[in-house]
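In case you want the letters, here they are:
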Amino acid sequence: MTRDVRQIGPVTLCHGDALDVLQDLRGAADLCVSDFPYRLIAGGRGTSGDGSMSGIFDADAYDNSGDLMAMAEWHQMAPPVYRALKPNADAYFMTNDKNLLLAGGALVGAGFKFHNLLGWDKGAPTPNRWYMKHVEYVLYMWKGKARAITNPGSKQLFASPRPKDRVHPTQKPICLMEHYIQNSSRPGDVVIDPFCGSGATLVAAALAGRRAIGIEIDPDHFATACAQVELALKCLDQTGRGA
């Protein structure tokens, strides 16, 4: 697959398949912060009176198959991500409740060790017949020698609403990604996101004074991530801190 590589300030963006690109990034990163495109549970449309859901699960955007976008299987992606990290490194992997056991098993099988289960309180709940869901989970793992986080007073649950003007269906708040980056890396370190989507992790890394490498297979999302990074760095140049 032909790659399109863009260098925007301290951020390197690669358009390509993460399985392919990661082979050339062995030992390159100090930290991984990523929202993997995990598989959803198919079915379950009957959550409202008319049997439909809204938002990213609207019938026009989601076919109810379990695949909201191009999927990555945990057991395939965990080993190359592990190899892309330096000998001593932390990693944060976002997932939902249905994927916790599958993801955790694949990550431990690849060599990662489990630090903690964190959560993101996104405020607005997702409709569900078995308790409405307002929390997504983060598997906080490490490789090599364990290191304490920068702010040991940080709590497991981080509350922040979804971005109002989303440019990606599962876009995460920049402040959430920056929270993890600040706690598990140092200025100048390299942060990697194999599924960078809208570029939230990359923007957060740049704002925190880190370098970043992002990989995205979808050409539209890749273009969006490039634009988001460019905008953030422009704001950073003008104000000394991103908007």
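My aim in this report is to walk through the structure given alongside it, one point at a time. Each residue is numbered by its place in its chain's sequence as written, counting from 1. Given that the model is predicted, a residue must reach a pLDDT of at least 70 before its local features are reported, and side-chain atom pairs must reach 80 or more before they are shown or counted; all residues, however, enter totals for whole chains, interfaces and linings. No hydrogens and no water enter the side-chain calculation; it runs on all heavy atoms of the structure.

**Here we look at the side chain of Asp121**
For step 1, the next point in the chain: By the secondary structure assignment, Asp121 is in strand S5 (residues 113–126).
For step 2, the next point in the chain: Of the side chains bearing the opposite charge, Lys122 lies closest to the buried Asp121, which forms no salt bridge; the N-O distance is 8.7 Å.
For step 3, the next point in the chain: In what follows, residue pairs with any heavy atoms lying within 4.5 Å of each other are defined as contacts. Those residues in contact with Asp121 that lie beyond four places of it in its chain are His134, Val135, Leu157, Phe158, Ala159 and Ser160. Each helix corresponds to a stretch of at least 4 residues labelled H or I by DSSP, and each strand to a stretch of at least 2 residues labelled E; elements are numbered beginning at the N terminus. Burial classes follow relative accessibility: with a 1.4 Å probe on protein chains only, a residue under 20% of its type's maximum area counts as buried, one over 50% as exposed, and anything between as partly exposed. For the purpose of counting charges, residues Lys and Arg are taken to be positive, whereas Asp and Glu are taken to be negative. His and the chain ends are not included. Definition used for salt bridges: Asp or Glu carboxyl oxygen within 4 Å of a side-chain nitrogen of Lys or Arg.

**Examining the environment of Thr224**
For step 1, the next point in the chain: Note that Thr224 resides in helix H6 (residues 219–239).
For step 2, the next point in the chain: Residues Thr224 and Gly199, spaced 25 residues apart in sequence, show a C-alpha to C-alpha distance of 7.6 Å.
For step 3, the next point in the chain: Setting aside its immediate chain neighbours within four residues, Thr224 contacts Val167 and Ser198.

**A word on the packing of helix H5 (residues 200–207) against H6**
For step 1, the next point in the chain: The geometry of H5 relative to H6 is characterised by a closest axis approach of 9 Å and an angle of 20° between their N-to-C directions. Considering their axes alone, H5 and H6 lie roughly parallel with respect to each other. Where H5 crosses over H6, the two elements pack in a sense that is right-handed. Where H5 abuts H6, its residues Leu202, Val203, Ala206 and Leu207 lie against Gln228, Val229, Ala232, Leu233 and Leu236.
For step 2, the next point in the chain: Three classes are used: nonpolar for Ala, Val, Leu, Ile, Met, Phe, Trp, Tyr, Cys and Pro, charged for Asp, Glu, Lys and Arg, and polar for all others, with Gly counted as polar. Broken down by class, the residue content of the contact of H5 with H6 amounts to eight nonpolar, one polar and no charged. Inter-axis angles, ranging from 0 to 180 degrees, are taken between N-to-C directions of lines fitted to C-alpha atoms, where helices are fitted over the stretch in contact. An angle counts as roughly parallel when it lies under 35 degrees, as roughly antiparallel when it exceeds 145, as roughly perpendicular when it falls between 65 and 115, and as oblique in every other case. The crossing is said to be left-handed when, going from far helix to near helix, the turn is anticlockwise and less than a right angle, and right-handed when the turn is clockwise.

**Topic: the sheet that holds strand S3 (residues 29–35)**
For step 1, the next point in the chain: One bridge is not enough; two strands pair if DSSP finds at least two bridges between them. One open sheet holds the nine strands; their spatial order is S1-S2-S9-S8-S3-S4-S6-S5-S7, and the pairing between them is mixed. The open sheet is flanked by strand S1 (4–8) and strand S7 (157–159), the only strands paired with a single partner. Adjacent strand axes in the sheet meet at a mean angle of 20°, parallel and antiparallel pairs treated alike.
For step 2, the next point in the chain: Pairing analysis gives four bridges linking strand S8 (residues 190–193) to strand S9 (residues 211–216), with the strands arranged parallel. Bridge assignment links Ile192 to a residue of S9, and that residue is Ile213.
For step 3, the next point in the chain: On top of the sheet, helix H2 (residues 74–84) reaches S3, strand S4 (85–95), strand S6 (133–143) and S8; it is set at about 145° to S4, its chief contact.

**Remarks on the nonpolar core**
For step 1, the next point in the chain: Residues Leu13, Tyr92, Ile181 and Val229 are the most contacted members of the largest nonpolar core, which totals 34 residues.
For step 2, the next point in the chain: Those elements that place two or more of their residues in this core are strand S2 (11–15), S3, S4, S5, S6, helix H4 (174–184), H5 and H6.
For step 3, the next point in the chain: Among the nonpolar cores identified, the runner-up in size contains 32 residues, and Ala18, Leu25, Leu85 and Ile215 belong to it. Only buried Ala, Val, Leu, Ile, Met, Phe, Trp, Tyr and Cys residues count toward a nonpolar core, and they belong to the same one when joined by side-chain atoms within 4.5 Å.

Remember that the coordinates give geometry; whether it matters functionally is a separate question.
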